[in-house]
Amino acid sequence: MDGKKKIFSGMRPTGKLHYGHMAGALINWVKLQNEYDCYFGIVDWHALMSDYADSSKVAANCQEILLDWLAVGVDPNKAAIFIQSHVKQHAELHLALSMITPLGWLERCPTYKDQILNLQNKDLSTYAFLGYPVLMAADIMLYKSFAVPVGEDQGPHLELTREIVRRFNNFYGDLFPEPETLLTPSAKMPGLDGRKMSKSYGNALEIADDMETVWNKLRTMTTDPARYRRTDPGTPEKCPVWDIHKFFNKDEAELAEIHAGCTSAGIGCVDCKKKLMVHVEAMMGPIHDRRKRYEGDDKALREILESGAARARKIAEQTMDEVYAAIGLLK
Ligand code: TRP
């Protein structure tokens, strides 16, 4: 597409997305799609790597993620939006890369050890799960992505991708660029209990939550623990609600007022949260409108995924031709 640099990024379809995904990734994608040739994949094979024993929700989760992306403003006229398994070359390149990836690299990957410990209710001692980063490398390399926008937690995976790229290029000639990590300049979006927002902690505000649900969650959200009584002065810098304010509230004068009100015990936490709701409603309103518009329109959703996959396939087929030629398989 008109010589723009290419970018791939993906998300695992494990359920509805939350405000953390929005602040940490999607807002950035919405900007990147204007500057680069973007390929955004809903990586269903990656979801199966942990959810293989009960695959019943993967398809529905793909739909939810698609709706959340579109709602926040990922634009199918700019970026190619598609399902990983619809573009078979992801599986194909994964196989090719698995030939050259040393076992030790995968066994040593810190995210591998972490996940095995964290997801102890699932048996992750599978062949595929060990190779999670190899499939991720395939996703990225298929589009010769010059960079990958990800959060810090994906750092080790990207490092492995670069190692796999170097090894491939060494064996078969320079075909792939080493992708840079585009760390998302992410706004802080703590969860309701003040920890990192995460579905598994049960502390998330979901993008699809209606305003009544959001208010019910926010109402009981943790604030500065030192502000025990209404008359105790608070410290916004120690309050997770303040971080959320800074994301949604662009009115500097009002922010200063709230800051002063909190530190002097002039306003209470409920007052502060009510002020926050006004800004949440303003930002989420159009997002919810867009989500609703797409929700009933299966035909439009189908078309988005079909044309996204077709665009992705065009690049992917070309890359695979080059891969076969580089390795030297019989034509
Ligand atoms: N591993 C990523 C995550 O859990 C998802 C992912 C799969 C991805 N393939 C990718 C991200 C390629 C960026 C590029 O968030």
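Participant: Any chance you could explain the packing of aromatic side chains here in plain terms?
Facilitator: The description of an aromatic ring pair rests on the distance of the ring centres and on the angle between the ring planes. One pass over the full model with this rule turns up 15 aromatic pairs. Arranged with centres 4.8 Å apart and planes meeting at 15°, the rings of Tyr39 and Tyr143 form a pair that is stacked. Here the residue Tyr39 occupies a position in strand β2 (residues 37–42), and Tyr143 occupies one in the loop between α8 (132–142) and β4 (147–150), the gap between them amounting to 104 residues. When the ring of Phe82 is compared with that of Tyr143, the centres are 6.0 Å apart and the planes differ by 55°; the resulting orientation is tilted. Pair noted here: Phe82 is in strand β3 (residues 80–83) and Tyr143 is in the loop between α8 and β4, with a separation of 61 residues, a long-range link. A connected cluster of aromatic rings, assembled from ring pairs, spans Phe8, Tyr39, Phe82 and Tyr143. Taking the ring centre of Phe146 as reference, the NZ or CZ of Lys5 above it sits at 4.4 Å.

Participant: What should I look at first to understand the nonpolar core in this one?
Facilitator: Soluble globular proteins tend to pack their nonpolar side chains together in the buried interior. Counting 58 residues, the largest nonpolar core has Tyr19, Met22, Leu26, Trp69, Ile207, Phe248 and Met284 as its most contacted members. Ranked by residue count, the leading element in this core is helix α3 (residues 58–72), at nine residues. Sequence-distant contacts of Ile207, that is, excluding residues within four places in its chain, are made with Leu17, His18, Tyr19, Met22, Leu26, Asp68, Val72, Met284, Ile287 and His288. The next biggest cluster of nonpolar side chains, apart from the first, holds 42 residues, and it includes Phe8, Ala138, Ile140 and Tyr143.

Participant: I would appreciate a short explanation of the pattern of salt bridges in the present structure.
Facilitator: Any two side chains of opposite charge can pair if their charged atoms end up close together. Enumeration according to the criterion identifies 16 salt bridges in this entry. In this structure, Arg162 engages Glu159 in a salt bridge whose closest nitrogen and oxygen atoms are separated by 2.9 Å. One end of the pair, Arg162, and the other, Glu159, are both in helix α9 (residues 155–172), three residues apart, so they sit about a helical turn from each other. Judged by its relative accessible area of 14%, Arg162 falls in the buried class. Residue Glu159 is classed as partly exposed on the basis of its relative accessible area of 34%. Here Glu303 ties to Lys299 by a salt bridge, and the two come within 3.5 Å at their closest N and O atoms. Here Glu303 and its partner Lys299 are both found in helix α14 (residues 298–327), four residues apart, which amounts to about one turn of the helix.

Participant: Can you help me understand the pairing of strand β5 (residues 180–183) in this one?
Facilitator: The two faces of a sheet get side chains in turn, since along a regular strand they alternate between them. Note that β4 and β5 share four bridges and pair parallel. In the strand pairing of β5, Pro149 is matched with Leu182. Taken together, β4, α9 and β5 form a β-α-β motif whose crossover is right-handed.

Participant: Before we go on, may I ask you to explain the site of the ligand in this structure?
Facilitator: In the vicinity of the ligand lie 13 residues, with Phe8, Tyr132, Met136, Asp139 and Gln154 positioned nearest. The side chain of Tyr132 places a nitrogen or oxygen atom 2.7 Å from a nitrogen atom of the ligand. Taking Gln154, its side chain carries an N or O atom lying 3.0 Å from a nitrogen atom of the ligand. Burial of the ligand by the surrounding chains reaches 87%, relative to a free accessible area of 370 Å². Sorting the residues of the shell around the ligand by element identifies β1 (6–11), α8 and β4 as the ones contributing at least two each. Counting residues per element, the shell around the ligand draws most heavily on α8, at four residues. Of the residues assigned to the shell around the ligand, the class counts are seven nonpolar, four polar and two charged.

Participant: Please explain helix α1 (residues 19–35) as it appears in this structure.
Facilitator: Because the α-helix completes a turn every 3.6 residues, residues three or four places apart line up on one side. For α1, which comprises 17 residues, the first-to-last C-alpha distance of 24 Å matches the rise-based estimate of 24 Å (1.5 Å per residue) to within 8%. Residue Ala25 marks the point of greatest curvature in α1, where the axis turns by about 40°.

Participant: For this particular structure, what's the right way to read unusual backbone geometry?
Facilitator: Trans is the prevailing form of peptide bonds, just as negative phi is the prevailing case for residues other than glycine. If you check the backbone angles, Lys144 has positive phi at about 50° while not being a glycine. Positive phi, normally seen in glycine, also occurs at Ala265, with a value near 60°. Along the chain, Ala265 falls in the loop between α12 (252–263) and α13 (269–295). For Ala265, a relative accessible area of 17% translates into the label buried.

Participant: What should I look at first to understand the environment of Leu183 in this one?
Facilitator: With respect to the helices, strands and loops of the structure, Leu183 is situated in strand β5. In this structure, the C-alpha to C-alpha distance between Leu183 and Asn216, residues 33 residues apart in sequence, is 33 Å. Apart from the residues lying within four places of it in its own chain, the contact partners of Leu183 are Val150, Gly151 and Glu152.

Here is what the cut-offs are and how they apply
- Residues numbered from 1 in each chain as written.
- Predicted model: local features only at pLDDT ≥ 70, side-chain atom pairs only at ≥ 80, totals over all residues.
- Heavy atoms only, no water.
- Phe/Tyr/Trp six-rings, centres within 6.5 Å; stacked < 30°, edge-to-face > 60°.
- Helix = DSSP H or I, 4+ residues; strand = E, 2+ residues; numbered from the N terminus.
- Lys NZ or Arg CZ within 6 Å of the ring centre and 35° of its normal.
- Core = buried A, V, L, I, M, F, W, Y, C linked by side-chain atoms within 4.5 Å.
- Buried < 20%, exposed > 50% of the residue type's maximum accessible area, 1.4 Å probe, protein only.
- Contact = heavy atoms within 4.5 Å.
- Salt bridge = Lys/Arg side-chain N within 4 Å of Asp/Glu carboxyl O.
- Pairing = 2+ DSSP bridges.
- Right-handed = clockwise from strand over helix to strand, strands pointing away.
- Near = heavy atom within 4 Å.
- Polar contact = N/O pair within 3.5 Å; in protein donor to acceptor, adjacent residues only side chain to side chain.
- Areas by Shrake-Rupley, 256 points an atom, 1.4 Å probe, with all protein chains shown as cover.
- Nonpolar A, V, L, I, M, F, W, Y, C, P; charged D, E, K, R; others polar.
- Expected span 1.5 Å × (residues − 1).
- Bend = angle between axes of the 7 residues up to and from the residue.

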